[in-house]
Amino acid sequence: MKQIETHRCFGGELSVWEHESSALSCAMRFSVFLPPQAENGDVPFVTFLSGLTCNHENFTTKGGAYQSAAAAGLAIIAPDTSPRGEAVANDDAYDLGQGAGFYIDATKAPWAEHYQMESYIVRELQALVCKEFPLNAEAQGISGHSMGGHGALTLGLKYPEIYKSISAFSPIVAPSQVPWGEKAFKAYIGEDREAWKKHDASVLIAAQSRGGQPEILIDQGKGDQFLDEQLKPHIFAKACEQAGQALNIRMHDGYDHSYYFIQSFMPSHIYHHAQILDAHQ
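Below you will find a few notes about this structure. Model, not experiment: these values are computed from the prediction.

1. Some points on the overall build of the protein chain
And then number 1: Helices and strands together make up the secondary structure of the protein chain, namely ten helices and nine strands.
And then number 2: In terms of overall dimensions, the protein chain is globule-like: its C-alpha atoms have a radius of gyration of 17 Å, near the 19 Å expected for 281 residues.
And then number 3: C-alpha extents for the protein chain along the principal axes are approximately 50 × 45 × 35 Å.
And then number 4: When each of the 281 residues of the protein chain is scored for burial, the buried share is 59%.
And then number 5: Excluding contacts between residues fewer than 6 apart, the proportion of contacts in the protein chain whose partners are at least 24 apart in sequence is 72%.

2. Notes on the sheet that holds strand β5 (residues 75-79)
And then number 1: Judged by pairing direction, the sheet is mixed, and its nine strands sit side by side in the order β1-β2-β3-β5-β4-β6-β7-β8-β9 without closing on themselves. Looking along the sheet, the strands with just one partner apiece sit at the ends: β1 (2-9) and β9 (247-252). Ignoring strand direction, the axes of neighbouring strands in this sheet form an average angle of 20°.
And then number 2: Relative to strand β3 (residues 26-34), strand β2 (residues 12-21) runs antiparallel, the two sharing nine bridges. Bridge pairing in β3 places glutamate 20 opposite alanine 27.
And then number 3: Packed onto the sheet, helix α10 (residues 259-278) meets β4 (43-49), β5, β6 (135-144), β7 (163-169), β8 (216-221) and β9 and runs at close to 165° relative to β7.

3. Re the pattern of salt bridges
And then number 1: One pass over the full model with this rule turns up ten salt bridges.
And then number 2: For glutamate 118, the salt bridge goes to lysine 158, with nearest N and O atoms at 3.0 Å. Placement of glutamate 118 in helix α3 (residues 117-132) and of lysine 158 in helix α4 (residues 147-158) is noted, with a sequence separation of 40 residues between them.
And then number 3: The partner of aspartate 253 in a salt bridge is lysine 222, and the shortest N-O contact between them spans 3.2 Å.

4. Let's talk about α3
And then number 1: Its maximal kink placed at leucine 125, α3 deviates by approximately 35°.
And then number 2: Taken across its 16 residues, α3 has twelve buried, putting it largely inside the fold.
And then number 3: Met117, Glu118, Ser119, Tyr120, Ile121, Val122, Glu124, Leu125, Gln126, Leu128, Val129 and Cys130 are the residues of α3 that are buried.

5. Focus on the packing of aromatic side chains
And then number 1: Taken as a whole and judged by the stated rule, the model has 15 aromatic pairs.
And then number 2: Between phenylalanine 48 and phenylalanine 59, the ring centres sit 4.2 Å apart and the planes meet at 20°, which makes this aromatic pair stacked. A residue pair is termed long-range when its members are at least 10 positions apart, and phenylalanine 48 in strand β4 and phenylalanine 59 in helix α1 (residues 56-62) qualify at eleven residues. As far as burial versus exposure is concerned, phenylalanine 48 and phenylalanine 59 are alike and both buried.

6. Concerning the environment of alanine 65
And then number 1: Note that alanine 65 resides in the loop between α1 and α2 (66-72).
And then number 2: Looking at alanine 65, the relative accessible area reads 2%, which means it is buried.
And then number 3: Sequence spacing of alanine 65 and phenylalanine 33 is 32 residues, and the spatial spacing of their C-alpha atoms is 9.5 Å.

7. Quick look at the environment of isoleucine 76
And then number 1: Looking at the element boundaries, isoleucine 76 is found in strand β5.
And then number 2: For isoleucine 76 and phenylalanine 45, which are 31 residues apart along the polypeptide, the C-alpha to C-alpha distance reads 5.4 Å.
And then number 3: Sequence-distant contacts of isoleucine 76, defined by excluding residues within four places in its chain, comprise Ser31, Val32, Phe33, Val46, Phe48, Phe59, Ala65, Tyr66, Ala69 and Ile270.

8. Some remarks on the side chain of serine 143
And then number 1: Tracing the chain through its elements places serine 143 in strand β6.
And then number 2: Take serine 143: its relative accessible area is 3%, and that puts it in the buried class.
And then number 3: Among the polar contacts made by the side chain of serine 143, one reaches the side chain of serine 167 at a distance of 2.8 Å.
And then number 4: Once residues lying within four places of it in the same chain are set aside, the contact partners of serine 143 are Val46, Thr47, Phe48, Leu49, Gly148, Ala152, Ser167, Ala168, Phe169, His269 and His273.

9. Description of the nonpolar core
If you look at soluble globular proteins, the nonpolar side chains tend to sit buried side by side.
And then number 1: Within the largest apolar cluster, 68 residues are counted, with the highest numbers of intra-cluster contacts made by Phe30, Phe102, Tyr188 and Phe236.
And then number 2: When residues of this core are assigned to their parent elements, the largest contribution, eight residues, is made by α3.

Rules behind the numbers
Residues numbered from 1 in each chain as written. Predicted model: local features only at pLDDT ≥ 70, side-chain atom pairs only at ≥ 80, totals over all residues. Heavy atoms only, no water. Helix = DSSP H or I, 4+ residues; strand = E, 2+ residues; numbered from the N terminus. Rg over C-alpha atoms; globule rule 2.2 N^0.38 Å. Buried < 20%, exposed > 50% of the residue type's maximum accessible area, 1.4 Å probe, protein only. Contact = heavy atoms within 4.5 Å. Pairing = 2+ DSSP bridges. Axes fitted to C-alpha atoms, helices over the stretch in contact; angles between N-to-C directions. Salt bridge = Lys/Arg side-chain N within 4 Å of Asp/Glu carboxyl O. Bend = angle between axes of the 7 residues up to and from the residue. Phe/Tyr/Trp six-rings, centres within 6.5 Å; stacked < 30°, edge-to-face > 60°. Polar contact = N/O pair within 3.5 Å; in protein donor to acceptor, adjacent residues only side chain to side chain. Core = buried A, V, L, I, M, F, W, Y, C linked by side-chain atoms within 4.5 Å.

Shown next, in the form of structure tokens:
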């Protein structure tokens, strides 16, 4: 790994790193916030997945998470949203290609060569950060926004042995039923809608009996311009109810899809993860 930058932050350290990814066959960057408590041993951590058009910098500079994370003793990893580089397939549209990896493993050309984001996040990145930083691999959670909220829900549900806590801001909860997801899934994994279900949080939760699992936290702005067409949180809420999964979905008047919204409710997400992950320390 190569360190790109480092900053003292709320008594802890914020750093940005670059490494060559074997899963994605390109160089990738991610940020790491270590709270002051990391000086004394391994700490719990959360991986935050960003949304369409973003990279690691969006959350790192706009998320407003680090004061609360420092107080809670929680580290935060913020990876990129897709592979990058001149050799990596791309599209002119904002919702496909670089900046729009959707946290799945692509199987269709030209995307399959690089777009293995599920493997990158779940296996390569989390193994790397646990090796290189004072992080407790047994106490990690996952969160995200929009496309990243989709990633947080689906990866959290598919890999409960890794991710002990889950939260999301304005997530795409039913990608197989909305334009963003349909476009990405057709391109990355083809026309077979049965294959799409493996990457749809509302389908995944409906197929599971989740009684006794930790509560999932979702915040959603009622003023979000994508709420009715792309996000549809009621679908996930119904699926959780049927599966017996505890869900706290909070709808907020006037809030939109931006990082101003994320900043406003980030402290409660930090508290949510810290409460659950403390039990695994």
